[in-house]
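# Survey of secondary and tertiary structure
Read off the chains here:
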Amino acid sequence: MAKEDKQVSSGLPFPDTSKPLFVYGALKPGEIAHPQIAPFVRNAEPARLQGALLLLRDGLPFLDDDETGKSFVDGWLLDLDVSGYEIVCSFEPRDLYKWSPTPALVQVVGGGGIMRNSNVLLGRSERRGNPDPAGHVWHSRDDPVLRIAPKVAVDMYSSLDEQWLFPGRERTDQHWEQLFRLQAAYLLLWTTYERLMALRYGPALNPMRLIGLLESEPAFTEAFRAAGCQSGYSVFDSRDLHKVTVGSYGEHALEAWYLVRSNLSHRGKGAHGDSGTLASAFTDSHGVLNYLLPAFIEGWSKVTSSTPGADDQS
């Protein structure tokens, strides 16, 4: 089978691997997903693609042709080996991206005007999903879900009147109002986790695969310990009572926190003990997130506010 016809798990076909790849999103050097392909990069140079528009759809950058030819997008030109291209084809989902039908002429920045024929990924159905213009360059550190959502979630958490969350108050309207606000804050915080994992490991993977990849990173274990997260407790799935127990080094922690998130979206929480479980999951998952964002994103600056009762380590 020719390389051009070879398929990988995502369904993206192989391009001509003798050509370099122009990257403009999470796979750029210094970006959140670059470690996946870094071992397979033979050479990397800043580059500019003329005649292209940079757009954002649900946090994912993609390119479209600029009919005027005046717009440009800044990125990097990577010389990749075949293994690197395999990762790229697995990382980018085929229902969102497609290879440019013809090689793109990409200018090497600082290369004396050198132009190279390169492979470029374009967006599919570029006008669907209400895409937003994204200027000329994309950075994950500018993503509003990563930067602002955790702060809003913590502000919501801080505004709670915690006395109404204590056991014994669960039959009052005040208890339910505060519990529902806590649920909303937690779901918003998990929006950040899901954006972070999609950008780092690929948007095509299912949630449990993403969670397994993040939990396996040394940075997650370090963050769990540094944030002083609780361990030894169990969370049950509200649908089938499947139990997940958090280990002392963060084993299954993310899975447990995701289970809390899923229980909220399935049918909500309803017992007095849920308040404590939910508050603990919020505090711990936010504490870990404050370590992961600067660990994964080059140039990250602190935007999130600290969780009540915890030291902010971002």
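Model, not experiment: these values are computed from the prediction.

Before going further, it helps to examine the confidence of the model for the chain. It should be kept in mind that the predicted coordinates are not to be read in detail where pLDDT is low. Across the chain, the average pLDDT comes to 86, with 86% of residues at 70 or higher. Least confident of the elements in the chain is strand S10 (residues 234–236), whose mean pLDDT is 79; most confident is strand S1 (residues 21–23), at 97. Segment residues 1–10 is flagged for pLDDT under 50; beyond a separation of four residues in sequence, or across chains, it makes 22 contacts in the model. Long-range and interchain partners of residues 303–314, a stretch whose pLDDT sits below 50, account for 31 contacts in this model, where long-range means more than four residues apart.

Moving on: helix H5 (residues 207–215). Of all the positions in H5, only Leu210, Ile211, Leu213, Leu214 and Glu215 are classed as buried. A side-chain oxygen of the first residue of H5 lies 3.1 Å from the backbone nitrogen of Met208; this N-cap is Asn206.

Tracing the chain through its elements places Val120 in strand S8 (residues 115–123). Relative accessible area serves as the criterion here: at 2%, Val120 is assigned to the buried category. Between the C-alpha atoms of Val120 and Trp99, which are 21 residues apart in sequence, the distance is 5.9 Å.

With that settled, consider the nonpolar core. Side chains that are nonpolar tend, in soluble globular proteins, to be buried together. Core analysis: the biggest nonpolar cluster contains 86 residues, and Phe22, Trp257 and Leu292 have the highest contact counts within it. Of all the elements, helix H4 (residues 173–201) adds the most residues to this core, at 11 residues.

Counted under the stated rule, the structure contains nine salt bridges. The partner of Lys151 in a salt bridge is Asp155, and the shortest N-O contact between them spans 3.0 Å. With Lys151 and Asp155 both in helix H3 (residues 149–158), this residue pair falls four residues apart, about one helical turn. Under the relative-accessibility criterion, Asp155 is labelled partly exposed at 35%. Look at the salt bridges and you will find they share partners, linking Glu45, Asp79 and Arg116 into a network.

Parameters at a glance
- Residues numbered from 1 in each chain as written.
- Predicted model: local features only at pLDDT ≥ 70, side-chain atom pairs only at ≥ 80, totals over all residues.
- Heavy atoms only, no water.
- pLDDT = per-residue confidence, 0-100.
- Helix = DSSP H or I, 4+ residues; strand = E, 2+ residues; numbered from the N terminus.
- Contact = heavy atoms within 4.5 Å.
- Buried < 20%, exposed > 50% of the residue type's maximum accessible area, 1.4 Å probe, protein only.
- Polar contact = N/O pair within 3.5 Å; in protein donor to acceptor, adjacent residues only side chain to side chain.
- Core = buried A, V, L, I, M, F, W, Y, C linked by side-chain atoms within 4.5 Å.
- Salt bridge = Lys/Arg side-chain N within 4 Å of Asp/Glu carboxyl O.

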